[in-house]
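# Structure at a glance
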Amino acid sequence: MNINNKTAQSFKIKNRKGYAIVCCGHLTEGKTPEQAYDRMVKALRRTSKKK
């Protein structure tokens, strides 16, 4: 999976309900893979504004 030309890895969280995505030192969680993806996009947008 790619987000803004950066590689992201998604996976099912063991012993918990939901999914997580790791990308560029960020970790986001969501009940569905789509929700986790949307949260990751938002997190990457926030950090790109800080620079």
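Now for a look at the structure at hand. (Residues numbered from 1 in each chain as written. Predicted model: local features only at pLDDT ≥ 70, side-chain atom pairs only at ≥ 80, totals over all residues. Heavy atoms only, no water.)

Take the pairing of strand E5 (residues 26-30) next. Bridge count for strand E4 (residues 19-23) against E5 is 5 bridges, and the pairing is antiparallel. Counted as the bridge partner of Ile 21 is Thr 28 from E5. (Pairing = 2+ DSSP bridges. Helix = DSSP H or I, 4+ residues; strand = E, 2+ residues; numbered from the N terminus.)

Turning to the packing of aromatic side chains, a few remarks are in order. Ring pairs (aromatic) are described by centroid distance and by the angle formed between their planes. Applying the stated criterion across every chain yields a total of 0 aromatic pairs. The ring of Tyr 19 carries the charged tip of Lys 12 above its face, separated from the ring centre by 5.6 Å. (Phe/Tyr/Trp six-rings, centres within 6.5 Å; stacked < 30°, edge-to-face > 60°. Lys NZ or Arg CZ within 6 Å of the ring centre and 35° of its normal.)

Below, the discussion takes up unusual backbone geometry. A positive phi angle, near 60°, is found at Asn 15, a position not held by glycine. Structurally, the position occupied by Asn 15 is in the loop between strand E3 (9-12) and E4. Positive phi values are uncommon outside glycine, yet Cys 24 reaches one of about 55°. Of note, Cys 24 is situated in the loop between E4 and E5.

Whether parallel or antiparallel, the strands of a sheet pair through hydrogen bonds between backbone atoms. If you walk across this open sheet you meet the 3 strands as E3-E4-E5, and the pairing is antiparallel. Every other strand in the sheet has two partners, leaving E3 and E5 as the edge strands with one partner each. Geometrically, the sheet is characterised by an average inter-axis angle of 20° between neighbouring strands, direction not taken into account. Of the strands in this sheet, E4 and E5 are in contact with helix H1 (residues 33-50), which crosses E5 at around 145°. (Axes fitted to C-alpha atoms, helices over the stretch in contact; angles between N-to-C directions. Contact = heavy atoms within 4.5 Å.)

Glancing now at a positive patch on the surface. Side chains of Arg 39, Lys 42, Arg 45, Arg 46, Lys 49 and Lys 50 sit close together on the surface and give a patch of like positive charge. By the secondary structure assignment, Lys 50 is in helix H1. Residue Lys 50 is classed as exposed on the basis of its relative accessible area, which comes to 73%. (Patch = residues over 30% accessible without salt bridge, like charges linked within 9 Å, V, L, I, M, F, W, Y side chains within 5 Å. Areas by Shrake-Rupley, 256 points an atom, 1.4 Å probe, with all protein chains shown as cover. Salt bridge = Lys/Arg side-chain N within 4 Å of Asp/Glu carboxyl O. Lys, Arg positive; Asp, Glu negative; His and termini not counted. Charge placed at Lys NZ, Arg CZ, Asp CG, Glu CD. Buried < 20%, exposed > 50% of the residue type's maximum accessible area, 1.4 Å probe, protein only.)

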